[in-house]
2 protein chains.
Amino acid sequence: MAPSSVFGLRLRQARELAALTQEALAVRAGIDEFTASARISQYETGKHVPRYEIACRLADALKVPVAFLYANDDGTAELVLLWQHASATSRREALAVLSAGAA
Amino acid sequence: MAPSSVFGLRLRQARELAALTQEALAVRAGIDEFTASARISQYETGKHVPRYEIACRLADALKVPVAFLYANDDGTAELVLLWQHASATSRREALAVLSAGAA
DNA sequence: CAACTAAGGCGGACTTAGTGG
DNA sequence: CCACTAAGTCCGCCTTAGTTG
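The notes below deal with the structure included here. Treat the numbers as computed from the prediction; the structure is a model and nothing was measured.

1. Some details on the state of the cysteines
Next up, step 1: Scanning the model with the defined rule gives 0 disulfides over all chains in all.
Next up, step 2: A disulfide-free cysteine, C56 of chain A has its sulfur positioned 17 Å from the sulfur of C56 of chain B, the nearest such atom.
Next up, step 3: You can call C56 of chain A buried: its relative accessible area is 14%.

Rendered as structure tokens:
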């Protein structure tokens, strides 16, 4: 089913990017395997939203910044995804560009 | 009291940046004034974490991206703060810098 | 006025069990 | 195997009321 919440949408995006099943993701995040499938499905379909601690563990398992899972707009989402893979020098340069170019 | 949770820390950071009282913030976010002080205090001290919908309203009232309130590391937090004030051209340039400079 | 807290009700996350691709 | 869902339990947010600088 199509994700209805922002969190669910981002979670599914990140999981498909990582090419993991819902259960594999949950186990990586330290969630009991017997409740794994149900919980991830509930998150992605927007039925429920996990506690922040769980969100952090999911983000770690998916290797994305936890802020990505809560990003409302696609621009911010893409930004933090690129950020995590960028080198230290690129990060400094990007911050300089942004702070110099305030609207 | 010192904030114990990430969300509470970010919320307080953004609120003090906006120079608002806890009650003023809550009212701006559409929270009933009689429960305002208690709820914001509980958020900032890490006693509770609000629903995502409430977090979005708080972020709007504070004029920060909602992802900022969930940012684990200071680098990501600073990044999304600069992002929202940057011009469209600066944003494109920053994205180009980050995508070119993957570690 | 501004920030914080204890206690209780109650909505929603988590568990269980099971269905459909 | 993989994704999804209904129903019940129970934890934690929200409310109330009141305390502290």
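Read on, since the account is not over.
2. Let's talk about the relation of the copies chain B and chain A
Next up, step 1: Superposition of chain B onto chain A requires a rotation of 180 degrees combined with a translation of 0.0 Å along the rotation axis, giving an RMSD of 0.1 Å. The superposition operator between the copies reduces to a two-fold rotation axis.
Next up, step 2: Looking at chain B, 100% of its interface residues are interface residues in chain A too, so the copies touch through the same face.

3. Quick look at the pattern of salt bridges
Residues and elements named next belong to chain A.
Next up, step 1: Counted under the stated rule, the structure contains 10 salt bridges over all chains.
Next up, step 2: Among the ionic pairs, E44 bridges to R15, the shortest N-O distance being 2.6 Å. Here the residue E44 occupies a position in helix α3 (residues 33-44), and R15 occupies one in helix α1 (residues 6-18), the gap between them amounting to 29 residues. One exposure class covers both E44 and R15, and it is buried.
Next up, step 3: Each member of the salt-bridge network shares a partner with another, and the members are R12, R15 and E44.

4. Section: the interface of chain B and chain A
Next up, step 1: Tallying the contact residues gives 30 residues for chain B and 30 residues for chain A.
Next up, step 2: Taken together, the two surfaces of chain B and chain A that pack against each other cover about 2700 Å², and 75% of this comes from carbon and sulfur.
Next up, step 3: The interface formed by chain B and chain A contains 0 salt bridges.
Next up, step 4: Taken together, chain B and chain A are joined by 8 residue pairs in polar contact (both at pLDDT 80 or more).
Next up, step 5: Residue assignment for the side of chain B that touches chain A shows that the elements contributing at least two residues are α4 (52-62), α5 (66-69), α6 (74-85) and α7 (88-100) of chain B.
Next up, step 6: When grouped by side-chain class, the residues that make up the side of chain B that touches chain A number 18 nonpolar, 8 polar and 4 charged.

5. Things to note about the packing of aromatic side chains
Next up, step 1: One pass over the structure, following the stated rule, counts 7 aromatic pairs over all chains.
Next up, step 2: An aromatic cluster is built from F7, Y52 and Y70 of chain A together with F7, Y52 and Y70 of chain B, whose rings are joined through pairwise contacts.
Next up, step 3: Between the NZ or CZ atom of R10 of chain A and the centre of the ring of F68 of chain A, over which it lies, the distance is 5.8 Å.

6. Quick look at unusual backbone geometry
Next up, step 1: Of note in this structure, A19 of chain B is not a glycine but carries a positive phi near 55 degrees.
Next up, step 2: Mapped onto the elements, A19 of chain B comes out in the loop between α1 (6-18) and α2 (22-28).

7. Describing the protein's contact with DNA strand C
Next up, step 1: R39, Y43 and H48 of chain A together with R12 and Q22 of chain B are the nearest of the 21 residues found near DNA strand C.
Next up, step 2: Sugar and phosphate atoms form 65% of the subset of DNA strand C atoms that lie within 4 Å of the protein.
Next up, step 3: Between DNA strand C and Q42 of chain A there is a distance of 3.1 Å, counted from a base oxygen to a side-chain nitrogen or oxygen.
Next up, step 4: Take R12 of chain B: an N or O atom from its side chain is 2.8 Å from a phosphate oxygen of DNA strand C.
Next up, step 5: Of all elements in the fold, only α3 of chain A together with α1 and α3 (33-44) of chain B reach the threshold of two or more residues within the surface near DNA strand C.

8. Some thoughts on helix α4 (residues 52-62) of chain A
Next up, step 1: For α4 of chain A, the buried fraction is high: 8 of the 11 residues fall into the buried class.
Next up, step 2: Buried within α4 of chain A are the following residues: Y52, I54, A55, C56, L58, A59, A61 and L62 of chain A.
Next up, step 3: Tucked inside the fold, the buried residues of α4 of chain A contact α1, α2 (22-28), α3 and α5 (66-69) of chain A together with α1 of chain B.

9. Observations regarding the packing of helix α7 (residues 88-100) of chain A against α6 of chain B
Next up, step 1: Taken N-terminus to C-terminus, the directions of α7 of chain A and α6 of chain B make an angle of 35 degrees; their axes are 8 Å apart at the nearest point. Of the two elements, α7 of chain A crosses α6 of chain B, and the hand of that crossing is left-handed. Residues L95, L98 and S99 of chain A of α7 of chain A form the contact with α6 of chain B, whose participating residues are E78, L79, L82 and W83 of chain B.
Next up, step 2: Along the lines of polarity and charge, the residues of the contact of α7 of chain A with α6 of chain B split into 5 nonpolar, 1 polar and 1 charged.

Each value, and the rule that gives it
- Residues numbered from 1 in each chain as written.
- Chains lettered and ligands numbered in written order.
- Predicted model: local features only at pLDDT ≥ 70, side-chain atom pairs only at ≥ 80, totals over all residues.
- Heavy atoms only, no water.
- Disulfide = S-S within 2.5 Å.
- Buried < 20%, exposed > 50% of the residue type's maximum accessible area, 1.4 Å probe, protein only.
- Least-squares fit on C-alpha atoms with pLDDT ≥ 70 in both.
- Contact = heavy atoms within 4.5 Å.
- Salt bridge = Lys/Arg side-chain N within 4 Å of Asp/Glu carboxyl O.
- Helix = DSSP H or I, 4+ residues; strand = E, 2+ residues; numbered from the N terminus.
- Buried area = accessible area lost by both parts, 1.4 Å probe.
- Polar contact = N/O pair within 3.5 Å; in protein donor to acceptor, adjacent residues only side chain to side chain.
- Nonpolar A, V, L, I, M, F, W, Y, C, P; charged D, E, K, R; others polar.
- Phe/Tyr/Trp six-rings, centres within 6.5 Å; stacked < 30°, edge-to-face > 60°.
- Lys NZ or Arg CZ within 6 Å of the ring centre and 35° of its normal.
- Near = heavy atom within 4 Å.
- Axes fitted to C-alpha atoms, helices over the stretch in contact; angles between N-to-C directions.
- Left-handed = near helix turned anticlockwise from the far one by under 90°.

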